[in-house]
Amino acid sequence: MRKNLFGLSPATRELVRELWQKRTLRDRLTGDHRTGRIIEEIRTAKEPAAIGDLMPLGLADNESVRVAARAAIRELLELLPLESLPLLDETLRRVWGYLEYWHGLRPESVPGLASVSVDDKAFVRLVASHRSGFVRAEALRLLSNDESLEVIPYILLRLTDWVDQVRSAAELLVGKRLHSEFADGFVSCLPLLDRLAGSTRLNPATVRAIHGLLCTVACAPALLRGMSSPSHVVRRRCFRLSIANAAFQLDEVLDKATSDPDVLVRTWAFESAVKIPNCWGSFQERALSDPYSPIRRIVFESLEVDPETPISSFVAFLTDPSAAIRQSCQHLIDTRFNGSSAAYYRSALNGSTGQAASICVRGLAETGNVDDVKAIAGLISKNSARTRSEVVRALRKLGADRELDLIAVLKMDVPSVAREAAHSLLLSRAIPAVDVWRECLQNPKERVWLSVLRLFRHAGKWAQMQVYLEASAHSDPLVSTFAIERLQRWIEGSNRSFAQPSASDQTTLPLLFDRIRGKLPSALGRELSFVLETACR
């Protein structure tokens, strides 16, 4: 789950509240020590959202407080990816309007903030996000003397400033840095430029100038370093820009890109390579073995458009894990070549092992007919659980579930296969849903129970209720907790169906409910009691 970079945890929020609460006399006497302690605790919490609350203290008269606050701000700022700076920029302008030290900052005070320490420099860069345009302009003027690469993102931020003069000043500062010694700084800011591109205030000519700089031979080393950046966005942009840089050979760039861990980089590289006839051959084998199915699809389509491609070139796609690729290949073989993909699966069925065997079973279910049922059913004794799962699934698709003793599979096999057997039993309604649950409990593998219990959404309304009532009394806490959650969902959706309980349900359900009522939350028990009294009267 992505971390919320601009949200404070309750503990840090309490520290911020303590930092700005009204001081007692004792606080005034020991204020510097107390404030320093809180700043240190906020710093160690490592939550960038606290930067705004610390900014006023970066202007404090007390030197120790000011130094501690600026050091904390700099450390928290380093935790932010550059593309998040626009959010920080907006936050610094809007949220802390009541903090006079920060929002009361005057333009004439900005020049006095200049310093040589890294903490002070980081603070000044953030001053360029002040809500006052005059302050931002003064901060930019101060930043013009900063020749470091770290200042570039904060200048780029002002390219979308709503004040024309500030925006023009930022464009001028960018223009002065359009030299190869700043290339690494611009490379690291490529994700930020992409983020700023959504603003209508961004001058496209400035972006083109930055890209043009990076496409020069002198900036090739920076682009090469960018191709190995931890940021996938930086890598994506650098690979694309390197195509226009004369220092790089196209095949070398594509060779590096097709091995990148980012699927979008690899997809772009293979899509580029397929358009170059004398280049594609060296990448085709690599694309065929790529785990990302859209990349394998590129190879298939490149062969498909060539009418001279022999049928042997397509055989590998019949066992592709992607259903879309596999079925496209099946159609191609059956139509263009007047062949039979089903015949291929039949011949490969017994000689295949592992994943290939399971895909052959799946392929035969897609292309075969009832004559293939016995051959598929015979594979239920295979050692591979994946193959056995595919066997159950294939027979279900062919409507031949009767060929297997599904109850025996449910009671004895591993969770993945037992689950498929339960699914088939529920869909075919071969036995009552509650019997499926009871047979499932005969399986000694505990993981089967919860796995099968999740399937009862396919059962009828009142059958679901009976199963969940029984499961809620189970000794396994995971099973009982899940069943109770499902009962709550059952209550919430009970009015979506007008199905009435059968005579057997009217007898069985109230008795079952009375036995396990004590194990249910009181509110849920009352709701179920009302439903049963209404439906079974």
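Notes on the structure follow. (Residues numbered from 1 in each chain as written. Predicted model: local features only at pLDDT ≥ 70, side-chain atom pairs only at ≥ 80, totals over all residues. Heavy atoms only, no water.)

What follows concerns the overall build of the protein. The helix and strand inventory of the protein stands at 33 helices and 0 strands. The principal-axis extent of the C-alpha atoms belonging to the protein is close to 85 × 75 × 35 Å. Contacts spanning at least 24 positions in sequence make up 64% of the contacts within the protein whose residues lie at least 6 apart. Total accessible area on the protein is roughly 26500 Å²; 52% of this is exposed by carbon and sulfur atoms. In the protein, 70 side chains carry a positive charge and 63 a negative one; their mean positions are 4 Å apart. (Helix = DSSP H or I, 4+ residues; strand = E, 2+ residues; numbered from the N terminus. Contact = heavy atoms within 4.5 Å. Areas by Shrake-Rupley, 256 points an atom, 1.4 Å probe, with all protein chains shown as cover. Lys, Arg positive; Asp, Glu negative; His and termini not counted. Charge placed at Lys NZ, Arg CZ, Asp CG, Glu CD.)

If you look at the biggest cluster of nonpolar residues, it comprises 163 residues, and the most contacted ones within it are Ile51, Leu156, Leu453, Phe456, Leu469 and Leu528. At 7 residues, helix 31 (residues 477-493) tops the list of elements feeding residues into this core. Once residues within four sequence positions are removed from consideration, leucine 528 is found in contact with Met465, Leu469, Leu487, Trp490, Ile491, Phe513 and Leu520. (Core = buried A, V, L, I, M, F, W, Y, C linked by side-chain atoms within 4.5 Å. Buried < 20%, exposed > 50% of the residue type's maximum accessible area, 1.4 Å probe, protein only.)

Here the focus is the packing of helix 30 (residues 461-472) against helix 32 (residues 503-516). Two elements in contact, helix 30 and helix 32, have axes whose closest approach is 10 Å; the angle formed by their N-to-C orientations is 25°. Between helix 30 and helix 32, the interaxial angle falls into the category roughly parallel. In terms of crossing hand, the pair formed by helix 30 and helix 32 is left-handed. Every residue of helix 32 that contacts helix 30 at Trp462, Met465, Gln466, Leu469, Glu470 and Ser472 is listed here: Asp505, Thr508, Leu509, Leu512, Phe513 and Ile516. Counted by class, the contact of helix 30 with helix 32 contains 7 nonpolar, 3 polar and 2 charged residues. (Axes fitted to C-alpha atoms, helices over the stretch in contact; angles between N-to-C directions. Parallel < 35°, antiparallel > 145°, perpendicular 65-115°, else oblique. Left-handed = near helix turned anticlockwise from the far one by under 90°. Nonpolar A, V, L, I, M, F, W, Y, C, P; charged D, E, K, R; others polar.)

On to helix 19 (residues 277-288), then. Over its 12 residues, helix 19 runs 17 Å from end to end, which matches the ideal 16 Å to within 8%, given 1.5 Å per residue. The secondary structure elements touched by the buried residues of helix 19 are helix 17 (250-257), helix 18 (263-273) and helix 20 (293-304). (Expected span 1.5 Å × (residues − 1).)

Moving on, we get to the layout of surface pockets. In this structure, the largest pocket encloses a volume near 410 Å³. When residues of the lining of the largest pocket are assigned to their parent elements, the largest contribution, 4 residues, is made by helix 8 (residues 118-127). (1 Å grid on protein atoms, 1.4 Å probe; cavity = no way out; pocket = protein on both sides within 12 Å on 5 of 7 lines; lining within 4 Å. Points joined across faces, edges and corners; volume = space filled by probe spheres on them.)

Another aspect to go through is helix 17. Turning to helix 17, its buried residues are Val253, Leu254 and Ala257. Within helix 17, the buried residues cover an arc of 95° as seen down the axis, which keeps them to one side. The inward-facing, buried residues of helix 17 contact helix 16 (232-242), helix 18 and helix 19. (Arc of directions from axis to C-beta.)

To continue, consider the pattern of salt bridges. Counted by the stated rule, this structure contains 33 salt bridges. Across the salt bridge formed by glutamate 41 and arginine 37, the nearest N and O atoms sit 3.0 Å from each other. Here glutamate 41 and its partner arginine 37 are both found in helix 3 (residues 31-45), 4 residues apart, which amounts to about one turn of the helix. The class for glutamate 41 is partly exposed, based on a relative accessible area of 31%. Judged by its relative accessible area of 33%, arginine 37 falls in the partly exposed class. Residues arginine 438 and glutamate 470 are paired through a salt bridge, measuring 2.6 Å at the closest nitrogen-oxygen approach. Taken together, the residues span a long stretch of sequence, with arginine 438 in helix 28 (residues 433-440) and glutamate 470 in helix 30 at a distance of 32 residues. Under the relative-accessibility criterion, arginine 438 is labelled partly exposed at 38%. Here the salt bridges do not stand alone but share partners, grouping Arg362, Glu390, Arg393, Arg396 and Glu420 into one network. (Salt bridge = Lys/Arg side-chain N within 4 Å of Asp/Glu carboxyl O.)

Moving on: the environment of threonine 309. Tracing the sequence through the fold places threonine 309 in the loop between helix 20 and helix 21 (323-335). Classification of threonine 309 by relative accessible area gives buried; the value is 6%. Apart from the residues lying within four places of it in its own chain, the contact partners of threonine 309 are Leu303, Phe314 and Phe337. At 2.9 Å, the side chain of threonine 309 and the backbone oxygen of leucine 303 are in polar contact. A polar side-chain atom of threonine 309 sits 3.1 Å from the main-chain carbonyl oxygen of aspartate 306. (Polar contact = N/O pair within 3.5 Å; in protein donor to acceptor, adjacent residues only side chain to side chain.)

This brings us to the state of the cysteines. By the definition in use, this model includes 0 disulfides. Cysteine 329 takes part in no disulfide bond, and the closest cysteine sulfur, belonging to cysteine 360, lies 12 Å away. (Disulfide = S-S within 2.5 Å.)

By secondary structure assignment, the location of alanine 503 is in helix 32. Along the sequence, alanine 503 and cysteine 536 sit 33 residues apart, while their C-alpha atoms lie 8.6 Å from each other.

You can see histidine 211 is positioned in helix 14 (residues 204-214). Accessibility expressed as a relative area gives 18% for histidine 211, which makes it buried. For histidine 211, the residues in contact, after removing those within four places along its chain, are Leu190, Arg237 and Leu241.

Per the counting criterion, the structure on display carries 7 aromatic pairs. Ring geometry for phenylalanine 239 and tryptophan 268: centres 6.4 Å apart, planes at 40°, overall tilted. Taken together, the positions of phenylalanine 239 in helix 16 and tryptophan 268 in helix 18 put the pair 29 residues apart, joining distant regions of the chain. This pair shows no difference in class: phenylalanine 239 is buried, exactly as tryptophan 268 is. Aromatic side chains tryptophan 437 and phenylalanine 456 sit 6.3 Å apart centroid to centroid with 85° between the ring planes, which places their arrangement in the edge-to-face category. Remark: phenylalanine 456 occurs in the loop between helix 29 (446-453) and helix 30 and tryptophan 437 occurs in helix 28; sequence separation between them is 19 residues. Across the pair, exposure class does not vary: tryptophan 437 and phenylalanine 456 are buried alike. Taken together through their ring pairs, the aromatic side chains of Phe300, Phe314, Phe317 and Phe337 make up a single cluster. (Phe/Tyr/Trp six-rings, centres within 6.5 Å; stacked < 30°, edge-to-face > 60°.)

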